[in-house]
Each structure stands twice: as structure tokens, then as C-alpha cells.
Amino acid sequence: MYNYQHIEVDTHTHTVLSGHAWSTLNENCIAASSRGLKGLCLTEHGPAMDHSLNSFSSCSLGMIPEFVHGIRVFTGMEFNITNFNGDIDHIEPVSHKHIHFGIASMHDVCMPLGTKKQHTEAYIAALNNPLVDILGHPGYAYFPNDPEPIVLEAKRLDKLIEINNNSFRARKGSEENCLRFIRYCKQYGVRVCVSSDAHFDSMVGVVPRALKLLMDADFPAELILNRTYDDFAGYLSDRGRI
Ligand SMILES: [Zn+2]
Ligand SMILES: [Zn+2]
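The following refers to the structure shown. (Residues numbered from 1 in each chain as written. Chains lettered and ligands numbered in written order. Predicted model: local features only at pLDDT ≥ 70, side-chain atom pairs only at ≥ 80, totals over all residues. Heavy atoms only, no water.)

**Some points on the overall build of the protein chain**
- A count of helical and extended segments in the protein chain gives eight helices and eight strands.
- Against the globule reference of 18 Å for 242 residues, the protein chain gives a C-alpha radius of gyration of 16 Å, in line with a compact fold.
- Taken along its principal axes, the extent of the C-alpha atoms in the protein chain is 40 × 40 × 35 Å.
- By the burial criterion, 55% of the 242 residues in the protein chain qualify as buried.
- Of the contacts formed within the protein chain by residues at least 6 apart in sequence, a portion of 81% connects residues at least 24 apart.
- One way to put it: in the protein chain the 21 positive side-chain charges average out to a point 4 Å from where the 28 negative ones average out. (Helix = DSSP H or I, 4+ residues; strand = E, 2+ residues; numbered from the N terminus. Rg over C-alpha atoms; globule rule 2.2 N^0.38 Å. Buried < 20%, exposed > 50% of the residue type's maximum accessible area, 1.4 Å probe, protein only. Contact = heavy atoms within 4.5 Å. Lys, Arg positive; Asp, Glu negative; His and termini not counted. Charge placed at Lys NZ, Arg CZ, Asp CG, Glu CD.)

**As for the coordination of the zinc ion (ligand 1)**
- Protein coordination of the zinc ion (ligand 1) is provided by Glu78 (OE), His107 (NE2) and His137 (NE2), with donor distances spanning 2.1 to 2.2 Å.
- Here the donor residues of the zinc ion (ligand 1) are spaced in sequence according to E-x28-H-x29-H.
- Relative accessible area serves as the criterion here: at 0%, glutamate 78 is assigned to the buried category. (Donors = N, O, S within 2.8 Å, 3.2 Å for Na, K, Ca; no water.)

**Quick word on the coordination of the zinc ion (ligand 2)**
- Protein coordination at the zinc ion (ligand 2): the donors are His12 (NE2), His14 (NE2), Glu78 (OE) and Asp197 (OD), at 2.0 to 2.3 Å from the metal.
- Classification of the site at the zinc ion (ligand 2) as irregular follows from its four donor atoms and the range of 81 to 169 degrees in their angles at the metal.
- Motif for the zinc ion (ligand 2), donor spacing along one chain: H-x1-H-x63-E-x118-D.
- The zinc ion (ligand 1) is placed at 3.4 Å from the zinc ion (ligand 2), the two being bridged by glutamate 78. Here the residue glutamate 78 occupies a position in strand S4 (residues 71–80), and aspartate 197 occupies one in the loop between strand S8 (192–195) and helix H7 (208–216), the gap between them amounting to 119 residues.
- What makes aspartate 197 buried here is its relative accessible area of 1%. (Tetrahedral: all angles 85-135°; square planar, octahedral: opposite > 155°, others 65-115°.)

**Comments concerning the pattern of salt bridges**
- Throughout the structure, instances matching the rule amount to ten salt bridges.
- When the shortest N-O distance is used, the salt bridge between arginine 239 and aspartate 133 registers 2.7 Å. Separated by 106 residues along the polypeptide, arginine 239 in the segment after helix H8 (229–238) and aspartate 133 in the loop between helix H3 (116–127) and strand S6 (134–135) bring together distant segments of the chain.
- What emerges from the salt-bridge pattern is a single network uniting Asp133, Arg239 and Arg241. (Salt bridge = Lys/Arg side-chain N within 4 Å of Asp/Glu carboxyl O.)

**Examining the nonpolar core**
- The biggest cluster of nonpolar side chains holds 56 residues, and the ones touching the most others in it are Ile81, Ile161 and Leu214.
- Residue contributions to this core peak at five residues, all from helix H6 (residues 174–188).
- Membership of the second largest hydrophobic core comes to 14 residues, among which are Cys41, Ile134, Leu225 and Tyr229. (Core = buried A, V, L, I, M, F, W, Y, C linked by side-chain atoms within 4.5 Å.)

**Some points on the environment of asparagine 26**
- Mapped onto the secondary structure, asparagine 26 falls in helix H1 (residues 25–34).
- Classification of asparagine 26 by relative accessible area gives partly exposed; the value is 43%.
- In sequence terms asparagine 26 and valine 109 are 83 residues apart; their C-alpha atoms lie 28 Å from each other.
- If we skip the residues at most four places from it in the chain, asparagine 26 touches Val68 and His69.

Right under this line is the structure:
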């Protein structure tokens, strides 16, 4: 049994460093602590998005303490998928060791709109990038795709699919697409992470709609990787990330 109301690690959060988010890492960690979390992933947008990280700031991820206000901070990035080949932002190779958790996402400000087939192939190619552990909000309705081959590729690579609570607010029409991903992940035994995609500290660790969608689909608890800190940290350790 587990508590569907709670995750121990929020795997997708932003700070002011993303250029369009509003809280600091300190504030996010204080908020996480107040909600009983044990860890969070600091996943600023990659350099292809205007006013976000540059190659120097990604190098400085190494300056962040392992624990902030008692919260384990896993440094990482929300890489932008930038074309139909599934290429992601370039960061300096010296920064790669600071990517404990790499998300690859499509955003309309830095990814052209293509066909369903092109989006599907781009997601599959991005999953094959060694810096990428998970696809961010692949249920985003703006970029229609075919979930089944994407989920099967995640399974082949032992990678992850994100169920992003912010999609239900910010990305209209995403609920139905997220449900398709949830059903295929359940069918093929692929693990998911439930995240807030927080752009303000009040959002950190708050994921009720994503958890409800999983619960309503009878999604197996053991396939929600970040419901426990130990499972999530163990996955990163097995992958040689931490
Ligand atoms: Zn995103
Ligand atoms: Zn994000």
C-alpha cells in the first residue's frame, strides 16, 4: 500500500534561474520540507530557451550543496528537444557530471510543430541520448504523438515517462494524452515519475491531479518511481548518476 496523496521526491522544479519562474532554490527547498518531501530535482530549462541557463551556469550546478534545508537536491536540467531528429540543448561536456537527472521536453517556443510521426520519432531519439532519463510532459497536446512506441522505447532503455501535474493547468487537452501514456506504461510495466513542474514555491510537491489520474487508472504503486526517496535515489545510483 502507499499513499496516493504524496510523493517523496519532486522530479521537476524550476527557480528564478529559468528566467520565467519566480522562486529561489532556497524557497523551493523550504516549501518541499514543509510538505514532507525528502528531495527535489533542480531542472532548469536548457539554453535553447530564451533567458534560461547558459553553458556557464550549467557548469556551476556543481556548487549547489547536496542538501538544502534538509532536502536532497538532485541537480539536472529540462533539456529542450529542438528538432525532429530529437536533438537536445548543447551543454559543455564538463557539465555532464552535474546532470543527476535529465528531462527532455518539447516546448512551442523552441521546437517546430511537425506531424505526429515526427514528434514520435523525436521523442524516441531523445530517449536514446545518454543525458536523458525521462521525457517531460509527453502528453502535451500541442505536440501530438503515438505513445505506444515511445513507451516501448522507454522500456527497452529502462528510462522513464513523466506525468506532469502542471500539464492539467498549463497545457490544455493534456489529460487524455497523459491517460494514454499511463495505460501503456501500466501495460508494459514502464515506470513513471509524478512531478509538479513548479515555477513557484507553492507548487513544489503538489501533484494531486496527476496522482488522481494514476489512481483512477489503477496504476501500480511500484511503477511510480518517485513515491519513495529510496527508489528514486536507487534508480539514479544504478544509472551511475549519483
Ligand atoms: Zn517543460
Ligand atoms: Zn518545466
